[in-house]
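What follows is the residue order along each chain.
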Amino acid sequence: MNILDLEQKAIEVRKGILTAVYHAKSGHPGGSLSAADLFTYLYFEEMNIDPRNPDMENRDRFVLSKGHTAPGLYSTLANRGFFPVGDLKTLRHLGSYLQGHPDMKHIPGVDMSSGSLGQGLSAAVGMAMSGKMAGKDYRVYAMCGDGEIQEGQIWEAAMFAGHHKLDNLTVIIDNNNLQIDGTVQEVCSPYPIDKKFAAFHFHVITIDGNDMTQIATAFKQAHTKKDKPTVIIANTVKGKGVSFMENKVGWHGKAPNEEEYLLAMQELKKAGEAICQ
Amino acid sequence: MSVAKIATRDSYGNALVELGKMHEDLVVLDADLAAATKTGVFKKEFPDRHIDCGIAENNMTGIAAGMATCGKVPFMSTFAMFAAGRSFEQVRNSIGYPHLNVKIGATHAGISVGEDGATHQCNEDIALMRTIPGMVIINPADDVEARAAVHAAYEYKGPVYLRFGRLAVPVIHSEDYHFEIGKGEVIREGKEVAIIATGLCVSEALEAANKLMDKGIDATVVNIHTIKPIDKALILEIAKKSKYLFTVEEHSVIGGLGSAVADVLCEEYPMKLTRIGIQDVFGESGPAVELLHKYGLDAEGIMERVEQVVNNE
């Protein structure tokens, strides 16, 4: 898929995020939107997956360690054909399979249940280690939040991945610089993130995580790096794509009302049309 | 007559080697305690399938979960304190919630850890693990049962918490013993008094029952190796036949075997139950045998408590 098509897909993914969260009347739009371009690239370009065979043995795996941004993952999976886009409206509803946080037991395409911050990366490391031990060539991707990396378990996992030279693992840090209580810098700074991962023997790539061309270059580079896991520090804008949500921590875990929803969808429609021209 | 004594942690290591020979998908994870948890014997035999995660139990728990999603059968091993205590939430969310096929080999459970003292004596692990939906909990009584339990845990699809001890304990089962998850065992038939025990307290309860004969008390002894799912039918059958009912465990009376039996009784057949165990206190340093004596968990302590209850009627 070319860059313009991917950008177009990312618009659709963002629409799905808003639709899901709007109908749920709760959920996390901010961090879903910041990571929408990354989700899109992963599922429409990067990963070896088959929506008709989500449990394919040698598929690439993805763990959403920052599990609260499930709307981003679900919208991407739905747009990729793992389940109907129309089901996004059932997010967080009683009886829906679309749980508030990723649930591998009930959602096609979800490789690991996650949501309790800090835990997903370890599972991804286990998948990567398992692949190495079995001589399989699948790759494993994990996405963490910049706030999430305040969890100590992230660094236990990073130490292990670096020690075992898991070059089949790519970690993406969605660095939107906002967490619930403020900027990550104000709350408890994880910076410099790049030097920390480098110290744990990672290959570090820093990009604008809302720029599809830079995203593509970063993932391609990760493939070529041997004997080291890669971390892509993706500098993003929380709420990206919806003007009034951008860089506003208030949109971390809040659903838009009807007026806001319609306004947001209108903005995305226009953005999509602009790409077409 | 001398009875062979083996610590169930040794049984764990030996069973892993037996299973490793048969099953390529079995992997063993440890957190810098391979010599103590006895996974070191597996490491010697299968170095490529033994992963030392370093002193990072929470990460080890997640790695085990991730490997299970890829078809491996991980046995993750550390002390009960860290497996069930420190990593409780990782076990709940990364293993329990997705019901992954991870086996937790928790050694050094209970007060019989001994000299290391209260920080390492986990008397709460069964209570914690019981609250996780779908978790199987096995607390074997001796070497034969422990090895059988490890084999059964491998065959079972889903998360299993296996509880092992540091102290060498008498081997009370013969090699032809048939083990089945969730099925308790009557090891001594008596009258009126029944002692339901688990783990290393089973051999102590058996010895207590033999000594009680001299005092005119003929006690039934039941081995409940699987705390969850508990053998409700057997507990009710024993309760209905007994006038005095006891549970004995090297674990807090809060949330362990005593609580599990009480749960069954209060809903199905209310009767008085005396729970022998750690009475909501922290342990302390000392030789394991002396600690078991001080906390009333050896044959003598069990015997005294049974006599006390029976004679006070």
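Look a little higher up for the structure.
What counts as what
Residues numbered from 1 in each chain as written. Chains lettered and ligands numbered in written order. Predicted model: local features only at pLDDT ≥ 70, side-chain atom pairs only at ≥ 80, totals over all residues. Heavy atoms only, no water. Helix = DSSP H or I, 4+ residues; strand = E, 2+ residues; numbered from the N terminus. Expected span 1.5 Å × (residues − 1). Buried < 20%, exposed > 50% of the residue type's maximum accessible area, 1.4 Å probe, protein only. Axes fitted to C-alpha atoms, helices over the stretch in contact; angles between N-to-C directions. Parallel < 35°, antiparallel > 145°, perpendicular 65-115°, else oblique. Left-handed = near helix turned anticlockwise from the far one by under 90°. Contact = heavy atoms within 4.5 Å. Nonpolar A, V, L, I, M, F, W, Y, C, P; charged D, E, K, R; others polar. Pairing = 2+ DSSP bridges. Core = buried A, V, L, I, M, F, W, Y, C linked by side-chain atoms within 4.5 Å. Buried area = accessible area lost by both parts, 1.4 Å probe. Salt bridge = Lys/Arg side-chain N within 4 Å of Asp/Glu carboxyl O. Polar contact = N/O pair within 3.5 Å; in protein donor to acceptor, adjacent residues only side chain to side chain.

Things to note about helix 4 (residues 57–69) of chain B
Residue and element names in this part refer to chain B.
Step number 1: For helix 4, built from 13 residues, the straight-helix expectation of 18 Å at 1.5 Å per residue is met to within 8% by its first-to-last C-alpha distance of 19 Å.
Step number 2: Summarising burial for helix 4: 13 of the 13 residues are buried, a large majority.
Step number 3: Gly71 sits one or two residues past helix 4 and shows a positive phi near 95°.

Things to note about the packing of helix 1 (residues 8–22) of chain B against helix 8 (residues 143–155) of chain B
All names here are of chain B.
Step number 1: The contact between helix 1 and helix 8 brings their axes to 8 Å, and the two run at 40°. Taken as axis vectors, helix 1 and helix 8 run oblique relative to one another. With respect to the hand of their crossing, helix 1 and helix 8 are arranged in right-handed fashion. Residue-level contacts link Thr8, Ser11, Tyr12, Ala15, Leu16, Glu18, Leu19 and Met22 of helix 1 to Asp143, Ala146, Arg147, Val150, His151 and Tyr154 of helix 8.
Step number 2: Looking at the contact of helix 1 with helix 8, its residues break down into eight nonpolar, three polar and three charged.

A closer look at the sheet that holds strand 11 (residues 219–223) of chain B
All names here are of chain B.
Step number 1: Strand order in the open sheet formed by five strands is 9-11-10-13-14, and the pairing between neighbours is mixed. Both outer strands of the open sheet, strand 9 (185–188) and strand 14 (273–278), are each paired with one neighbouring strand and no more. Neighbouring strand axes in the sheet, compared pairwise and without regard to direction, differ in orientation by 25° on average.
Step number 2: In this structure, strand 9 lies alongside strand 11, joined through three bridges in antiparallel fashion. Looking at strand 11, one finds that Arg188 is bridged to Val221.

Comments concerning the nonpolar core
Step number 1: Val125(A), Leu169(A), Ile173(A), Leu29(B) and Tyr161(B) are the most contacted members of the largest nonpolar core, which totals 81 residues.
Step number 2: The leading source of residues in this core is helix 5 (residues 120–134) of chain A, at seven residues.
Step number 3: Those residues in contact with Leu29(B) that lie beyond four places of it in its chain are Ile51(B), Cys53(B), Met60(B), Ile63(B), Ala64(B), Met67(B), Pro74(B), Phe75(B), Met76(B) and Ser77(B).
Step number 4: One finds Ile49(A), Leu73(A), Ile107(A) and Tyr141(A) within the second-largest nonpolar core, a separate group that totals 39 residues.

Re the interface of chain A and chain B
Step number 1: Across the boundary between the two partners, chain A contributes 26 residues, which contact 26 residues of chain B.
Step number 2: Together, the buried faces of chain A and chain B total about 1900 Å²; carbon and sulfur atoms form 60% of this surface.
Step number 3: Ranking the residues of chain A by area buried against chain B places Gln119(A), Met133(A) and Glu156(A) at the top, with a combined share of 28%.
Step number 4: Taken together, the links from chain A to chain B amount to zero salt bridges.
Step number 5: Connecting chain A to chain B are eight residue pairs in polar contact (both at pLDDT 80 or more).
Step number 6: A total of nine residues in the side of chain A that touches chain B trace back to one element, the largest contributor, which is helix 5 of chain A.

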